Amino acid sequence: MHRWSQLFIPTLREAPADAEVASHKFLVRAGYVRQLAAGIYSYLFLGQRSFNKIIGIVREEMDRIGQEFYLPALHPRELWEASGRWSIMGENLFRLKDRKGAELCLAMTHEENMTEIARKELRSYKQLPQIWYQIQSKFRDEPRPKSGLLRVRQFLMKDSYSFDIDAAGLDVSYQKHRETYRRIFDRCGLKYLVIDAHSGAMGGSQSEEFMVYTPAGEDQVVSCANCKYAANLEKATSKLEPVEDLTAEGDGKPLEVHTPGQKTIEDVARFLGVSPKNKIKTLALMIDSKDPKSGRNTSRAVVVLMRGDHQLNEAKLATALAGKETRPMQEEEIRHLFGSPAGFLGPLGIKWAKNIADSNGPVLLVDKALEGRTNLIAGANKQDYHVKNITPGQNFQPTTYADLRAVASGDPCPNCGSPLRMDTAVEIGHIFKLGYKYSDSMGARVLDKNGKEVTPIMGSYGIGIERILTAAVEQSNDANGFWLPRQIAPFDIVVTPTNVADEKLKTTAEGIANSLESAGFDVLLDDRDERPGVKFKDADLVGIPFRVNVGKKVTEDRVEVVHRSTRQSQDVSIAAIVEYFQEVLGRAHE
RNA sequence: CGGGGAGUGGCUCAGCCUGGUAGAGCACCUGGUUCGGGACCAGGGGGUCGGAGGUUCAAAUCCUCUCUCCCCGACCA
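Residues numbered from 1 in each chain as written. Chains lettered and ligands numbered in written order. Predicted model: local features only at pLDDT ≥ 70, side-chain atom pairs only at ≥ 80, totals over all residues. Heavy atoms only, no water.

Student: So, the overall build of chain A: which residues are in play, and what are the values?
Tutor: Counting its secondary structure elements, chain A contains 14 helices and 33 strands. Within chain A, residue pairs in contact and separated by at least 24 positions form 70% of the contacts whose partners lie at least 6 positions apart. If you sum the accessible surface of chain A, you get close to 26,800 Å²; carbon and sulfur atoms cover 48% of it. A distance of 2 Å separates the average location of the 78 positive side-chain charges in chain A from that of its 79 negative side-chain charges. (Helix = DSSP H or I, 4+ residues; strand = E, 2+ residues; numbered from the N terminus. Contact = heavy atoms within 4.5 Å. Areas by Shrake-Rupley, 256 points an atom, 1.4 Å probe, with all protein chains shown as cover. Lys, Arg positive; Asp, Glu negative; His and termini not counted. Charge placed at Lys NZ, Arg CZ, Asp CG, Glu CD.)

Student: How would you sum up the side chain of N232? Please name residues and give values.
Tutor: When you line up the elements, N232 lands in strand β13 (residues 230–232). You can call N232 buried: its relative accessible area is 2%. Among the polar contacts listed, one links the side chain of N232 to the side chain of D219, at a separation of 3.5 Å. Those residues in contact with N232 that sit more than four places away from it in its chain are I195, D196, A197, E209, D219 and Q220. (Buried < 20%, exposed > 50% of the residue type's maximum accessible area, 1.4 Å probe, protein only. Polar contact = N/O pair within 3.5 Å; in protein donor to acceptor, adjacent residues only side chain to side chain.)

Student: Run through the pattern of salt bridges, naming residues and quoting values.
Tutor: Per the stated rule, a full pass over the model turns up 40 salt bridges. The shortest N-O distance in the salt bridge between K53 and D522 comes to 2.6 Å. Of this pair, K53 sits in helix α2 (residues 45–62) while D522 sits in the loop between α12 (503–518) and β29 (523–525), and the two are 469 residues apart along the sequence. In this structure, the salt-bridge partner of E218 is K146, at a minimum N-O distance of 3.6 Å. Linking E218 in the loop between β11 (207–213) and β12 (219–224) with K146 in the loop between β8 (130–139) and β9 (154–164), this pair joins segments that are 72 residues apart in sequence. Given a relative accessible area of 35%, E218 falls into the partly exposed group. K146 gets classed as partly exposed once you look at its relative accessible area, which sits at 26%. Each of E60, E61, R64, R183 and R187 takes part in salt bridges that share partners, so that together they form one network. (Salt bridge = Lys/Arg side-chain N within 4 Å of Asp/Glu carboxyl O.)

Student: Describe the environment of D411, and please don't skip the residues or the numbers.
Tutor: As for its placement among the helices and strands, D411 is situated in the loop between β21 (400–402) and β22 (420–435). In this structure, D411 is in contact with S238, R405, S418, P419 and L420, ignoring residues within four places of it in sequence. A distance of 3.0 Å separates a polar side-chain atom of D411 from the backbone nitrogen of A408.

Student: Could you give an account of the domain arrangement of chain A, with specific residues and numbers?
Tutor: Each assigned domain of chain A is listed here: domain 1 (48–69 + 109–236 + 422–473), domain 2 (255–402) and domain 3 (481–586). When each unit is reduced to the centre of its C-alpha atoms, the spacing between domain 2 and domain 3 is 66 Å. (Domains from an automatic or database assignment.)

Student: An account of the sheet that holds strand β7 (residues 103–106) is needed here, citing residue identities and associated values.
Tutor: Sheet architecture is open: three strands sit in the order β5-β7-β6, paired in antiparallel fashion. Edge positions in the open sheet fall to β5 (74–76) and β6 (94–97), since each of these has one partner strand only. This sheet shows a mean twist of 35° between the axes of neighbouring strands, independent of strand direction. With three bridges connecting them, β5 and β7 associate as antiparallel partners. Opposite H75, over in β7, you have C105 as the bridge partner. (Pairing = 2+ DSSP bridges. Axes fitted to C-alpha atoms, helices over the stretch in contact; angles between N-to-C directions.)

Student: Describe the nonpolar core, and please don't skip the residues or the numbers.
Tutor: Ranked by size, the top nonpolar core spans 62 residues in total, and within it Y32, F185, L190 and L484 carry the most contacts. With seven residues, the single largest contributor to this core is α2. Residue-level mapping places this core at the junction of two domains, with at least three residues from each of domain 1 (48–69 + 109–236 + 422–473) and domain 3 (481–586). Here L190 is in contact with F185, V212, I428, I468, A471, A472 and Q475, once residues within four sequence places are set aside. Core analysis: the next-biggest nonpolar cluster, separate from the first, contains 23 residues, L505, I512, V548 and V561 among them. (Core = buried A, V, L, I, M, F, W, Y, C linked by side-chain atoms within 4.5 Å.)

As structure tokens, then:
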């Protein structure tokens, strides 16, 4: 039996000064974790016990669809060169050298490692499909670790990888994961939602994230209360209300108008008596890159056109630019390209690249909301002048149209038109169809039925173990501490004799703890020689869902059961205590 | 990396402006009284004031450099 007096559960009366979010404060105060350095944490007894329960659930569910591996965290450079990620990952990848000077890295995910195994070992379609998973530490040199365990540099991830002969097979593997993830998060007692996501730096097509609403989160989730639509802001769209175009003025050709000192969209719209919806917003950006051969830095201009009242979403922009990062143009660069100061920029008179791959000329990305619009107003590339009668595709040729617009809260849902809402959330899992990115670049091939060599198609799926605990704490806490769902709590029940100096209370509490334990519950006996107030406060703090107070009422053969989540208590006869918990814990999660 | 803040016993913080004995509460140890919501009394232990250099008779305090941590922005489980 676990006796509190013998355990190391260093609870703190006050939260560390540098803890900001609830889960961070409470996990430290409750003695679950201690910080070692920025984004690096030690897990103590209670924390590890909770993680073990979470891992147990993950493993049990994953074993139903896949096979558990355990791969190294230390990888040779060559492995990452093979996929091209040695250079792509930049500073996020921890790198080191061994005694011989050979370069290594600490793995941030295991696509390369898994694909390497597949490449060497898989020969035939008969061996497919395969789903391989592991639960293991990942290392990422985050530019900014934060929020306790929410964003760290070393963390546990359940990562799995599927190999299929074709896209239909990948669909099956993907759906299996989707269902497994639902079971895992359900069993962990989390309230979560599944949303359409942006694939990020991993590449690939379809992708969904499992999110838990919390103000501590870092993601913006757009959702519709009416229908089931939910998406990451980076991916979300909304229905566009029809906009009335202006009628052509004069002969219908581009017409310069004098707009002295009118620089912002609002100023110009007001000055000309039109809506910002009829204006083109011109954003001037640059992509900086290093030429791998010469080592020289080169820059390429990217100009983005948005409807005047719309905002650019940078993740969508990055997708349109195949992941390349942009920065705002500097004053001289703007003058160089447009021949005009900022405030009067527009698309006319510049020879734009014909397509993204075309390196002749700057790129002109035009948001889809401008496609098909007519007689818009843009800057004239001339101080104090704007131009009317501009129609995209007619007066200028975009390099390409793309969805670049950020959805705003209140925009109409793309499915049903109801107002969309936006919430912050934390990502606890992510599943995506990788496609051929790794299998192709690393040369994994199998023979199909016809004896023809084909490239297996992959999927990749992750769960952040720590984030399950963190999300649970964020979801369920009050001024005194937090409570976990029984399935992931370090203990099911804490038995608290109010005074261990009283023999009767002490032995009764031990008896109760013993019988609960024999009945299969995970029990912690608070046998410390502390005043009741101290024990109650600690019990409320550490996340255990139920408490049995063994106090004065033992003379009436009764004890008090306290439900941490509701703070409600009720008297239960000592003889019936096991039955009571069998009944309560047999039901749904508390 | 840009911007903001903070480093003083285990924890939370005061002291710094205006240099001169390192302090409080909590925690810890001993003894006693107490015992249903973080008790009380008495005694006690514990600090290179993040580090280095400088100014000064004298530096936690002033100056320079540096390290670390937290928060706000671009990435992700």
